[in-house]
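An overview of the molecular structure
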Amino acid sequence: MSITIENQINTYFETRDKISREELLALIKKDFANWTDNTINIYLSILQKKGIIHSLSRGMYALGNEETFQPHLNNKLVKIAAIINKTFPFVKYCVWESAWLNDLMRHQTFKNFTIVEVEKVASEQVFNQLNTNFPNVFINPDEKIIERYIGALDNAIIIKNLNSEAPIQKWNNINVPTLEKILVDIIADDELFAAQQGELEFIFKSAFDKYNINESKMKRYASRRNREAEIKNQTNIISAK
């Protein structure tokens, strides 16, 4: 029977890129009327393990295996992470750069800056350490500093306080933010990510189309940053399309 469902599953996606779970169950039951919901769930699980379909976080299914968010770690990020790991081995941190957003945008930004987020208690010490190793290091810059100085620089390093419940992950043994965190941050830190504000809808749609976004994780972090309404608005726009 698994071969039959494997052959049949493609027909459900002939005229669309994604199908809701409820609709997919209904389509399968039309072809396999004697299957119970439990049987269908087992086969859906098998199909996902084989990479034939994947489950989107909005209760939708799509063909193929979802692409994993794989950020590029340049030499600068690797060096910064090495300094923090060596000098402050017990400090929670993450590093990333604004250029990671370019793959999700319609228009590429010419300015790139590095973001270093660390626990508030260690932010000053990390700033002092990085300031001796790199030029153009700023700590928790306000709107005026961003507009007057950072906006005119390329490859500035910005140190920010890391939210205690921020979703981060290890990538090549370096702490980086999850894509869910990045999506919330570009909304919450609109002065810093001014170049992305005109493309928020496109960025979110690109992220949801390309990657498997954990909406629950994103919403929890959005709540910590008081941005639930803005995130809900973006996900509603995506769901409506």
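Structure first, text after, so check above.
Residue indices begin from 1 for each chain and proceed along its sequence in written order. Side-chain atom pairs in this predicted model are given and counted only at pLDDT of 80 or more, local residue features only at pLDDT of at least 70, and totals for whole chains, interfaces and linings cover all residues. Just so you know, side-chain values use all the structure's heavy atoms and leave hydrogens and water out.

What about the overall build of the protein?
A count of helical and extended segments in the protein gives 10 helices and 9 strands. In terms of principal-axis extent, the alpha carbons of the protein reach across some 70 × 35 × 30 Å. Only protein chains enter the accessibility calculation, which uses a 1.4 Å probe; a residue whose area is less than 20% of its type maximum is buried, one above 50% is exposed, and one in between is partly exposed. Residues classed as buried in the protein amount to 45% of the 241 residues present. The contacts in the protein between residues at least 6 apart in sequence include a share of 63% that link residues at least 24 apart. Each accessible area value is a Shrake-Rupley result obtained with a 1.4 Å probe; residue values ignore everything except the protein chains displayed when judging cover. When the accessible surface of the protein is summed, it comes to about 12900 Å², and 47% of that surface belongs to carbon and sulfur atoms. Looking at charge distribution, the protein has the averaged site of its 30 positive side-chain charges lying 3 Å from that of its 30 negative ones. A run of H or I in DSSP becomes a helix once it reaches four residues, and a run of E becomes a strand once it reaches two; helices and strands are each numbered from the N terminus. Contacts are assigned to residue pairs that have any heavy atoms within 4.5 Å of one another. By the counting rule applied here, Lys and Arg register as positive and Asp and Glu as negative, while His and the ends of each chain are not counted. Every charge is mapped to an atom, namely NZ of Lys, CZ of Arg, CG of Asp or CD of Glu.

Some points on the packing of aromatic side chains
Only Phe, Tyr and Trp rings are paired, with Trp represented by its six-membered ring, and only when their centres lie within 6.5 Å; those with planes under 30 degrees apart are stacked, over 60 edge-to-face, the remainder tilted. One pass over the full model with this rule turns up 7 aromatic pairs. Look at F69 and W100: their rings are 6.2 Å apart centre to centre, the planes differ by 75°, and that puts the pair in the edge-to-face class. Here F69 is found in the loop between β3 (60-63) and α4 (75-87), whereas its partner W100 is found in the loop between β4 (93-97) and β5 (114-118), with 31 residues between them in sequence. As far as the burial class goes, F69 and W100 line up, both buried. Measuring from ring centre to ring centre gives 5.6 Å for F113 and F193, while their planes differ by 45°; the resulting arrangement is tilted. Of this pair, F113 sits in the loop between β4 and β5 while F193 is found in the loop between α7 (179-188) and α8 (200-210), placing the two residues 80 residues apart along the sequence. The exposure classification of F113 matches that of F193, with both residues buried. Taken together, the aromatic side chains of F69, W96, W100, F113, F193 and Y211 make up a single cluster linked through ring pairs. Across the ring face of F134, the terminal group of K79 is positioned such that the distance to the ring centre comes to 5.1 Å. Any Lys NZ or Arg CZ that is within 6 Å of a ring centre and within 35 degrees of that ring's normal is treated as a charge sitting over the ring.

Quick look at the side chain of N175
Here N175 is to be found in strand β9 (residues 174-177). Any N or O atom pair separated by 3.5 Å or less is treated as a polar contact, with the protein-specific requirement of one donor-capable and one acceptor-capable atom, and with residues adjacent in sequence counted only for side-chain atom pairs. A polar side-chain atom of N175 sits 3.4 Å from the main-chain carbonyl oxygen of Y93. If we ignore the near neighbours within four places in the chain, the residues touching N175 are Y93, C94, V95, Q169 and K170.

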